[in-house]
Structures are given as structure tokens and as C-alpha cells.
Amino acid sequence: LILFWKSYHNLIISIIIFFISYFFVKIDKRFFNKINSFMIFCGSTLIILETVFLLFPTQSLIFFSRFIQNEVLDSYYTNYLRGRFSLDLNIELFLPFFLINSFIYKEKNQTKSIFLFIFSLLIIFLSFVSNFRTRVICSVFSVLMFFIFLFRKYKKYILDIIILIL
């Protein structure tokens, strides 16, 4: 049971949070704004952690050694020695969310929109600097999905442009 929990605790907790959030949003539409704010807070926090790790990797590893399992810390240390800078926080998953909030809701709050756009650029930068191909691919895919969502009326033309680029 303990081995199962160590292996799948992130997945189980994520599924539980998803279903709780889904039912709260379904019950109360105002709760959607709270979830939106929570996602922005979580994404911003993870981006700051990833940036601090990039700028101060040795100090970050020493600090994280107090809180993180030894196996995970060994993985971070090994990646650091190989010239890879990533905490495996999957910050690329926040990229479409930040882009959508910065472009679609820019009339409501200009400062928040600029902040989210800068964080979107920071996510892309961190993906390239991390030296992980999967992160770069995920970032590119996220940006493409954002543009497809934004210009879904022009879906046919976007696919033609993508084919021309490739």
C-alpha cells in the first residue's frame, strides 16, 4: 500500500482535485473565478520556483534537500550535473491557460494581462533553457493549441500555414 501511494499519489490527488473543482464549478459559476485565480497563483509559484532553480541551482538543491524525497533529489542532482535544469513541475501545462487569460481577458485587467504574458514568455524560455526536448515540444504544442483555440474560425487556414512551415 505504501509503495502504491508513493508511486501514484500525484495522479490520485490530481484526479480528486479535478472532480471536486468540476462539481463546485457546476454548482456555482462564481467559483470559476476562484479557480482561475487559484490556477494563476499556482502557475506563478511554480514558474518562480523553476526560475530560482535555474539561477541558483546549488543553493536550491541544498534548500530542497530538506523537503523532497531522496530519490527525487537524486534525479534533480543528476540532471543538474548533465546540464539540465528542470524540477519536473510541468509548467508548460500552464502556458495555454496563461495565454488565454492574457489575450482574451485583456480588457478587464491590463496589468494582469501583461503579467501573464510575461510569465508565458518565461515558461517558453525556461523550456528551452532546461535542455529537455519534451519540455520544448510541449511548449510548442501548447502555443499551437492556443492559436488554434484563438483563431478557431480560421482553422482551415491555420492548418495550411502549419503545413507550409513544416
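Residues numbered from 1 in each chain as written. Predicted model: local features only at pLDDT ≥ 70, side-chain atom pairs only at ≥ 80, totals over all residues. Heavy atoms only, no water.

**Thoughts on the side chain of S60**
Link 1 in the chain: Relative to the elements of secondary structure, S60 occurs in helix α3 (residues 57-64).
Link 2 in the chain: With relative accessibility at 5%, the residue S60 sits in the buried group.
Link 3 in the chain: Separated by 2.7 Å, the side chain of S60 and the backbone oxygen of F56 make a polar contact.
Link 4 in the chain: Among residues more than four places away in sequence, those in contact with S60 are V52 and F53. (Helix = DSSP H or I, 4+ residues; strand = E, 2+ residues; numbered from the N terminus. Buried < 20%, exposed > 50% of the residue type's maximum accessible area, 1.4 Å probe, protein only. Polar contact = N/O pair within 3.5 Å; in protein donor to acceptor, adjacent residues only side chain to side chain. Contact = heavy atoms within 4.5 Å.)

**Remarks on the packing of helix α5 (residues 95-104) against helix α7 (residues 133-150)**
Link 1 in the chain: Following both chains from N to C, one finds α5 and α7 inclined at 35°, their axes separated by 9 Å at the closest point. Handedness of the α5/α7 crossing: right-handed. Contacts from L95, P96, L99, I100, F103 and I104 of α5 reach α7 at S139, S142, V143, F146, F149 and L150.
Link 2 in the chain: Here the contact of α5 with α7 is built from residues that sort into ten nonpolar, two polar and no charged. (Axes fitted to C-alpha atoms, helices over the stretch in contact; angles between N-to-C directions. Left-handed = near helix turned anticlockwise from the far one by under 90°. Nonpolar A, V, L, I, M, F, W, Y, C, P; charged D, E, K, R; others polar.)

**Considering the nonpolar core**
Link 1 in the chain: Among the nonpolar cores identified, the biggest contains 13 residues, and I47, I91, F98, I123 and L126 are the most heavily contacted of them.
Link 2 in the chain: Of all the elements in the fold, those that place two or more residues in this core are α2 (31-55), α5 and α6 (110-129).
Link 3 in the chain: In terms of residue count, the dominant contributor to this core is α6 (four residues).
Link 4 in the chain: Non-local contacts of L126, meaning those with residues more than four positions away in its chain, are made with I47, E50, T51, L54, I91 and R135. (Core = buried A, V, L, I, M, F, W, Y, C linked by side-chain atoms within 4.5 Å.)

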